[in-house]
Each structure stands twice: as C-alpha cells, then as structure tokens.
Amino acid sequence: MKIRFLQIVASSAVWICCHAPAGVASVAPKWEQLQGTNSALLEQVERDYTHDIAPDISVNVGQMQVSKISKSNSQVLYLVNTRLPGKDPNNNPSCGQVGCLFYGYVKQNNSFIQVLNGYINDFQVMNAPPTIEASRVKNHLPCLRLADSKQQTNELCYNGKVYQPERHLK
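Residues numbered from 1 in each chain as written. Predicted model: local features only at pLDDT ≥ 70, side-chain atom pairs only at ≥ 80, totals over all residues. Heavy atoms only, no water.

Undergrad: Tell me what's going on with the overall build of the chain, and back it up with residues and numbers.
TA: The number of helices and strands found in the chain is one helix and 13 strands. Secondary structure elements of the chain occur, N-terminal to C-terminal, as β-β-β-α-β-β-β-β-β-β-β-β-β-β. With 170 residues in all, the chain has 45% of them scored as buried. Summarising the internal contacts of the chain: among those between residues at least 6 apart in sequence, 59% fall at separations of at least 24. (Helix = DSSP H or I, 4+ residues; strand = E, 2+ residues; numbered from the N terminus. Buried < 20%, exposed > 50% of the residue type's maximum accessible area, 1.4 Å probe, protein only. Contact = heavy atoms within 4.5 Å.)

Spelled out as structure tokens, the structure:
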C-alpha cells in the first residue's frame, strides 16, 4: 500500500468535531453518498483512491460518504470518508489502526483540488455520535476540530495548500 498520507491522529479514538460560532447550535453532519454529488468530484476521488490504496482493489467509490462543510465567508470543503458504510473496518482497504482515510477537496472551476489526505479515527463511542461544525475560517476554508474520548481536542486548518494540525486544545 502506498503511504503518502498526513497522519492526523494518534492512537486514541478521535471524532471529527468542529465548533460553530457562539450561540449557534451544533448540527449533525449531513453525509450523503458520493454517487449523488458532482460527477467531477466522484471521478477525482476514484483517481485519488486508486492511486493511494491500490489499483487492483475493486471498490465502488460512489458508496463512500461526503459532507459539505462551510461557514460564512469560506469556501466549501467537501470532506470524503472512504470507509464504506456497513462494511467491517477490518476488511476495508482504506482503514487501519489510526482510523480511515479521509479526503478533503475544494472546487476550482469545474474540477476539485485535494487539500486533505489523511487518516482520522471516526469510530463512534456508543451513544456519543460525532458532530461536524466549522471552528473558524483560515485561508478561506473552515478549520476542523478533532476531539477524542479523553476530551482532548486538536484542530486542523488549511495553510493555503493543505490541511495540517494547527494546535492542541484542552
């Protein structure tokens, strides 16, 4: 397996968790199947996935989940979870000990540019579903907050080229 990913999380269970502006209620992520979105995004994910995981593994990329994350005055981040719904993570080629592979894209003209490529442990603790919100805007894209089961939080922000860990919050 080709490894060129930014490792985003350590061994602890981490959820994607970003905070809305003060006074705004948290909104659960709105995930939809990738096959129901823009065909150019679907084609880009298929190319990236085939390159990153293995060209000889047959996967229906359209079954992957995508969430459109944005805040006012920001571009939309198309966050793609490559873990196939209903499939055991141990049998999913894009999942490992540190989580599953996530991609992030921004739309540029009629194509999509990858700005995030890394593993995030999004496995849910029972009765504690993750929420996705934008914590703030940096370089025209929302930052993402990653909170683990020990109430520790890390933040990923766009540096103008890619998302990278920015700071550790308690």
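Undergrad: So what's going on with the confidence of the model for the chain? Residues and values would help.
TA: Considering every residue of the chain, the mean pLDDT works out to 75; 69% of them sit at 70 or more. Confidence over residues 1-28 falls short of pLDDT 50; this stretch has 93 contacts with residues more than four positions distant or in other chains. (pLDDT = per-residue confidence, 0-100.)

Undergrad: Requested: an account of the nonpolar core, with residues and values cited.
TA: In this structure, Leu34, Leu41, Val45, Met64, Val80, Tyr103 and Tyr105 are the most contacted members of the largest nonpolar core, which totals 19 residues. Counting residues per element, the ones that place at least two in this core are helix H1 (39-52), strand E5 (77-81), strand E7 (99-108) and strand E8 (111-120). Top element by residues in this core is H1. It accounts for four residues. Once residues within four sequence positions are removed from consideration, Val80 is found in contact with Leu34, Val45, Met64, Gln65, Val66, Leu101, Phe102, Tyr103 and Tyr105. Within the second largest apolar cluster, 14 residues are counted, among which are Val106, Val115, Leu144 and Leu156. (Core = buried A, V, L, I, M, F, W, Y, C linked by side-chain atoms within 4.5 Å.)

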